[in-house]
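Topology and contacts: notes
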Amino acid sequence: MTVFHTVLFDLDGTLVDAFQTIHRAYAHVLPQLGLPAPTPAEVRAAVGGGLESAMRRFVPAPLLAEALRRHTAYSAEILLEETVLMPGAAGLLSALHAGGIACAVLTNKHGEVARCLCAHLGHAPFLRGVFGAGDTPWLSP
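Residues numbered from 1 in each chain as written. Predicted model: local features only at pLDDT ≥ 70, side-chain atom pairs only at ≥ 80, totals over all residues. Heavy atoms only, no water.

Regarding helix α5 (residues 89–98)
When we look at burial in α5, the residues that qualify are A89, L93 and L96. The buried residues of α5 all sit within an arc of 70° when viewed along its axis, so they share a single face. On its buried face, α5 is in contact with β1 (6–9) and β4 (102–110). A positive phi of about 80° marks G100, the residue just after α5. (Buried < 20%, exposed > 50% of the residue type's maximum accessible area, 1.4 Å probe, protein only. Helix = DSSP H or I, 4+ residues; strand = E, 2+ residues; numbered from the N terminus. Arc of directions from axis to C-beta. Contact = heavy atoms within 4.5 Å.)

Re the environment of H23
Position of H23 relative to the elements: it lies in helix α1 (residues 19–32). A C-alpha to C-alpha distance of 29 Å links H23 and P125, two positions 102 residues apart in sequence. Among all residues touching H23, those that are not within four sequence positions of it are P38, T39, P40 and V43.

Regarding the sheet that holds β1
Strand order in the open sheet formed by three strands is β1-β4-β5, with parallel pairing between adjacent strands. The open sheet has two edge strands with one neighbour each: β1 and β5 (129–133). Pairs of neighbouring strands in the sheet enclose a mean axial angle of 20°, with direction left out of account. When β4 meets β5, the two strands line up parallel, connected through four bridges. When the bridges of β5 are listed, V105 appears paired with V130. This element, helix α6 (residues 111–120), spans β4 and β5 of the sheet and lies at about 130° to β4. (Pairing = 2+ DSSP bridges. Axes fitted to C-alpha atoms, helices over the stretch in contact; angles between N-to-C directions.)

Some words on the packing of aromatic side chains
The tally for this structure, following the rule as stated, stands at one aromatic pair. Ring geometry for Y26 against F58: centres 5.3 Å apart, planes inclined by 55°, an arrangement best described as tilted. Placement of the pair is Y26 in helix α1 and F58 in the loop between α3 (51–55) and α4 (64–82), with a sequence separation of 32 residues. Under the relative-accessibility criterion, Y26 is labelled buried at 2%. Stacked on the ring of F19, the Lys or Arg R44 has its end atom at 3.8 Å from the ring centre. (Phe/Tyr/Trp six-rings, centres within 6.5 Å; stacked < 30°, edge-to-face > 60°. Lys NZ or Arg CZ within 6 Å of the ring centre and 35° of its normal.)

Quick look at the pattern of salt bridges
Scanning the model with the defined rule gives seven salt bridges in all. With a shortest N-O distance of 3.2 Å, K109 and D12 are connected by a salt bridge. Here K109 is found in strand β4, whereas its partner D12 is found in the loop between β1 and β2 (16–17), with 97 residues between them in sequence. Exposure remark for D12: the relative accessible area of 25% places this residue in the partly exposed category. We note a salt bridge from E66 to R69, for which the minimum N-O separation is 2.6 Å. Of this pair, E66 and R69 both sit in helix α4, three residues apart, roughly one helical turn. For E66, a relative accessible area of 26% gives the class partly exposed. (Salt bridge = Lys/Arg side-chain N within 4 Å of Asp/Glu carboxyl O.)

A closer look at the packing of α1 against α4
Direction vectors running N to C along α1 and α4 enclose 145°, while the axes themselves pass 9 Å from each other. In this structure, the crossing between α1 and α4 has a hand that is right-handed. Judged by residue contacts, Q20, T21, I22, R24, A25, Y26, H28, V29 and Q32 of α1 engage A67, R70, H71, Y74, S75, I78, L79, E81 and E82 from α4. Residues that form the contact of α1 with α4 fall into these classes: eight nonpolar, six polar and four charged. (Left-handed = near helix turned anticlockwise from the far one by under 90°. Nonpolar A, V, L, I, M, F, W, Y, C, P; charged D, E, K, R; others polar.)

Now the structure itself:
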């Protein structure tokens, strides 16, 4: 029998569903830059490798820095409005914690944002750490 002492979780799509917020930010920012608002399907296909990687799929290189700045600022404004817990996430974290298993989050979401979400949604007491973009030199795969 394999015994785990530590479990690392991704955040988006694993512990939380932030997709409405993510899509809303793209749909808000891209038209400001003269670009079409992406569909939910287009955003879903782009996300997963970090914000910069995803944004490159929608904006030309000269607009990338401005798009990232605007997306980050707008996302911070709406962050807690539509993000919800994934079904079973709270129970799983609670059970693992009660069983003495160390849990942490490793996400491509910016670290500050990830920690804010985990605290807001009640995950923080069950996590030994929340690490995101900017906290380490690595992004999650």
